[in-house]
Amino acid sequence: MPLSIEKIVRKKQKPVYSSNLTHLEILNYYSLSDKKFNCIACLFPNIVHLDLNFSIGFNDKILNQIAETYPNLKYLNLQKDKYISYNMGIIISKSLYAITQSCHKLEYLNISHRTDFCELSICNVICSCPKLQQLNLSFCRITDITIKEIASSCLNLKYLKLKGSDNINKEAVDLLVSLNPNIHVENFMYIITPVSFGAYPGMYELSRRLRMTIDALRDIKFIYKYIKDELMRRMGVI
């Protein structure tokens, strides 16, 4: 049954199941003040999955509260609506740093469109959360520095989304994939698909061995033609 935030906050009544609740979603909520979230955090102390997708109005105090209340957090979604240019709250990179100091068990993090976080803070998250498996940095202010930090720190990362990352070079992503062949990197320019994600693993593996360019179109017809032409070229047929 969906929870009504307003009813919980206004009635200040603790649900009988609150101590057992581990997953909390507050989606598209436009007035998530620190006062309201403080009440929610007190009612639900055992959250490990927190989704604030498209919610706005919160500030540094809420992020600090998350860090303090939920050290066992594994899933955190702070994605902002791309059509809203501001958060309606004051958020600085220092608050994100507080989360990195506490939530070392994070496996999923989505800070898409969070241009209020500087690259240094994002790198601190990456360095402090080695268990990350899924990371969405779409439209964040990052460069090759972030990609290199991911390559050296996030050895368990399986999915990385970089849509809208105009300041990242293909060479940096190529290095990341070579160091972690099981990662799936989705970029605004190209998609890198490892063997484990391919519909035809043998062909994807062969394409990698033939050093197919990382920005090559990866549909099955193109791969088949590429492999066929490359093998013929190496045998001296063409």
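What you are looking at is a predicted structure, and each value in this text was computed from that prediction instead of being measured.

Engineer: Give a description of the overall build of the protein chain that names residues and reports values.
Structural biologist: On a plain count of helices and strands, the protein chain comes out with nine helices and eight strands. Relative to its 238 residues, the protein chain shows a buried fraction of 48%. Contacts in the protein chain between residues far apart in sequence, at least 24 positions, make up 69% of those at least 6 positions apart. A total of about 12,800 Å² of accessible surface is found on the protein chain, and carbon and sulfur atoms cover 55% of it.

Engineer: Explain the state of the cysteines residue by residue, including any values.
Structural biologist: Counted by the stated rule, this structure contains zero disulfides. Not part of a disulfide, Cys-39 finds its nearest cysteine sulfur in Cys-42, a span of 6.8 Å.

Engineer: Describe the packing of helix H2 (residues 34–43) against helix H3 (residues 60–69), and please don't skip the residues or the numbers.
Structural biologist: One can describe the packing of H2 onto H3 by two numbers: an axis separation of 9 Å at closest approach and a directional angle of 15°. Between H2 and H3, the interaxial angle falls into the category roughly parallel. Handedness of the H2/H3 crossing: right-handed. On H3, the residues that touch Asp-34, Phe-37, Asn-38 and Ala-41 of H2 are Lys-61, Ile-62, Gln-65, Ile-66 and Thr-69. In terms of residue class, the contact of H2 with H3 is built from four nonpolar, three polar and two charged.

Engineer: Could you give me a rundown of the pattern of salt bridges, with the residues and numbers involved?
Structural biologist: Under the defined criterion, the tally for this structure stands at one salt bridge. The partner of Arg-114 in a salt bridge is Asp-116, and the shortest N-O contact between them spans 3.8 Å. You can call Arg-114 buried: its relative accessible area is 1%.

Engineer: Explain the nonpolar core to me, using residue names and the numbers behind them.
Structural biologist: Within soluble globular proteins, side chains that are nonpolar generally end up buried alongside one another. Formed by 53 residues in total, the largest nonpolar core has its most connected members in Ile-66, Leu-137, Ile-150 and Leu-160. Listing elements by their share of this core, those giving two or more residues are H2, H3, helix H4 (93–102), helix H5 (119–128), helix H6 (144–153), strand S6 (159–162) and helix H7 (170–179). Per-element accounting of this core gives the leading share, five residues, to H2. When sequence neighbours within four positions are dropped, the list of residues in contact with Ile-66 reads Phe-37, Leu-50, Leu-52, Leu-73, Leu-76 and Cys-103.

Engineer: Could you give me a rundown of the confidence of the model for the protein chain, with the residues and numbers involved?
Structural biologist: Confidence along the protein chain averages 78 in pLDDT terms, with 68% of residues attaining 70 or more. Residue range residues 195–201 is modelled with pLDDT below 50. Its contacts to residues more than four positions away, or to other chains, number 11 contacts.

Engineer: Tell me what's going on with the environment of Gln-65, and back it up with residues and numbers.
Structural biologist: Relative to the helices and strands, Gln-65 resides in helix H3. Assessed through its relative accessible area of 18%, Gln-65 is described here as buried. Taking the C-alpha atoms as reference points, Gln-65 and Ser-95, 30 residues apart in sequence, are found 9.5 Å from one another. Setting aside chain neighbours within four positions, we find Gln-65 in contact with Phe-37, Asn-38, Ala-41 and Tyr-70.

Engineer: Go over the pairing of S6 with me, naming the residues and quoting the values.
Structural biologist: Here S6 shows one buried face, formed by Leu-160 and Leu-162, and one open face, formed by Tyr-159 and Lys-161. Sheet topology note: the strand S5 (residues 134–136)/S6 ladder contains three bridges and is parallel. Considered in S6, the bridge of Gln-134 is made with Tyr-159. Between the parallel elements S5 and S6, the chain passes through H6 in a crossover that is right-handed.

Engineer: Can you break down the packing of aromatic side chains residue by residue, with the values?
Structural biologist: For the coordinates displayed, the defined rule picks out one aromatic pair. Taken together, a centroid distance of 4.1 Å and an interplanar angle of 5° make the contact between Tyr-75 and Tyr-108 stacked. One end of the pair, Tyr-75, is in strand S3 (residues 75–77); the other, Tyr-108, is in strand S4 (residues 108–110), and 33 residues separate them in sequence. Owing to a relative accessible area of 17%, Tyr-108 belongs among the buried residues under this scheme.

Rules and cut-offs
- Residues numbered from 1 in each chain as written.
- Predicted model: local features only at pLDDT ≥ 70, side-chain atom pairs only at ≥ 80, totals over all residues.
- Heavy atoms only, no water.
- Helix = DSSP H or I, 4+ residues; strand = E, 2+ residues; numbered from the N terminus.
- Buried < 20%, exposed > 50% of the residue type's maximum accessible area, 1.4 Å probe, protein only.
- Contact = heavy atoms within 4.5 Å.
- Areas by Shrake-Rupley, 256 points an atom, 1.4 Å probe, with all protein chains shown as cover.
- Disulfide = S-S within 2.5 Å.
- Axes fitted to C-alpha atoms, helices over the stretch in contact; angles between N-to-C directions.
- Parallel < 35°, antiparallel > 145°, perpendicular 65-115°, else oblique.
- Left-handed = near helix turned anticlockwise from the far one by under 90°.
- Nonpolar A, V, L, I, M, F, W, Y, C, P; charged D, E, K, R; others polar.
- Salt bridge = Lys/Arg side-chain N within 4 Å of Asp/Glu carboxyl O.
- Core = buried A, V, L, I, M, F, W, Y, C linked by side-chain atoms within 4.5 Å.
- pLDDT = per-residue confidence, 0-100.
- Pairing = 2+ DSSP bridges.
- Right-handed = clockwise from strand over helix to strand, strands pointing away.
- Phe/Tyr/Trp six-rings, centres within 6.5 Å; stacked < 30°, edge-to-face > 60°.

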